[in-house]
Amino acid sequence: MVTCGLAAACTSLEPGRSVLPSLPALTLHCVQYESAERPSPAAEASAPVVVSAQSDPADELIERAWRKSLEGDRGTTMRLFARALNRTDAAWRTERIHWSYGWAMLNLGDYDCALAHFEHARSLDPAGASWLPHTLAVTYWLKGERDTALEWMDRAANADLGCWASAKSAERCTRRWQQKERKAMGELLHARREWKFR
């Protein structure tokens, strides 16, 4: 089975085997999955999906992929996101799929892959990327690149005082985030205060 996915940063289904291309040069390419790696129809259908009158098949795939990422199932997560990206009815929201894919990979601990998807989402909709500074701040923080994370956090706080200027406002803006993400944001805000006054 051949499916298309994001450049080499995310093609490996083996943990710890990820290579980040230079972000501006990201390209889409196809990856060959061995038949043993293909998800069974039962495995892909296992996550229940709430369907409403406005539901879209790509949205359902994204929801399933997100749930699989929370279960730690990297392979199924990647295959479901690849299916969502390959849907012709999802073309107008490709940047949103890459954004969701990035958050899923962040929660799976593949920060290079997350950064590649966030950058690709930004490249598809540069004007609508108000989410970029705080998202990159959290990703770089979790990746261990503290200085880069603090620079992005400073940009986020200056761009959106209503969310990132204080721990209280950040708590309101991160209510639906995963615990790991909220913890990283709290650490970032604390570190930013110290960083600003050194």
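So, here is what we can say about the structure in this document. The model shown is predicted, which means the values in this text are computed figures rather than measured ones.

### Points about the packing of aromatic side chains
Argument step 1. The full count for this structure, using the stated rule, is five aromatic pairs.
Argument step 2. Ring geometry for Trp103 against Trp177: centres 5.3 Å apart, planes inclined by 55°, an arrangement best described as tilted. In this pair, Trp103 is assigned in helix α4 (residues 94-107) and Trp177 in the loop between α9 (167-173) and α10 (179-196), connecting sequence segments 74 residues apart. For the pair Trp103 and Trp177, a shared accessibility class is recorded, and that class is buried.
Argument step 3. In textbook terms, an aromatic cluster arises when at least three aromatic residues are bridged by ring pairs, as seen for Trp103, Phe118, Trp131, Trp164 and Trp177.
Argument step 4. Cation over ring: Arg96 sits above Trp99, and NZ or CZ is 4.0 Å from the ring centre.
Argument step 5. For the cation-ring pair, Arg155 lies above Trp152, with the distance from its terminal atom to the ring centre recorded as 4.2 Å.

### Re the packing of helix α6 (residues 132-143) against α10
Argument step 1. It is the contact of α6 with α10, at a shortest axis distance of 9 Å, that shows an interaxial angle of 95°. In terms of their interaxial angle, α6 and α10 are classed as roughly perpendicular. Only Lys180, Ala184, Met185, Glu187, Leu188 and Ala191 of α10 make contact with α6, whose side of the interface consists of His134, Ala137, Val138, Trp141 and Leu142.
Argument step 2. Among the residues forming the contact of α6 with α10, the class breakdown is eight nonpolar, one polar and two charged.

### Topic: the pattern of salt bridges
Argument step 1. Taken as a whole and assessed by the stated rule, the structure comprises nine salt bridges.
Argument step 2. The partner of Asp112 in a salt bridge is Lys143, and the shortest N-O contact between them spans 2.7 Å. Of the two residues, Asp112 sits in helix α5 (residues 111-124) while Lys143 sits in helix α6, which places them 31 residues apart along the sequence.
Argument step 3. Given a relative accessible area of 29%, Lys143 falls into the partly exposed group.
Argument step 4. The salt bridge partner of Lys183 is Glu187, with a shortest N-O separation of 3.3 Å. Of this pair, Lys183 and Glu187 are both found in helix α10, four residues apart, which corresponds to roughly one turn of the helix.

Cut-off values and rules
Residues numbered from 1 in each chain as written. Predicted model: local features only at pLDDT ≥ 70, side-chain atom pairs only at ≥ 80, totals over all residues. Heavy atoms only, no water. Phe/Tyr/Trp six-rings, centres within 6.5 Å; stacked < 30°, edge-to-face > 60°. Helix = DSSP H or I, 4+ residues; strand = E, 2+ residues; numbered from the N terminus. Buried < 20%, exposed > 50% of the residue type's maximum accessible area, 1.4 Å probe, protein only. Lys NZ or Arg CZ within 6 Å of the ring centre and 35° of its normal. Axes fitted to C-alpha atoms, helices over the stretch in contact; angles between N-to-C directions. Parallel < 35°, antiparallel > 145°, perpendicular 65-115°, else oblique. Contact = heavy atoms within 4.5 Å. Nonpolar A, V, L, I, M, F, W, Y, C, P; charged D, E, K, R; others polar. Salt bridge = Lys/Arg side-chain N within 4 Å of Asp/Glu carboxyl O.

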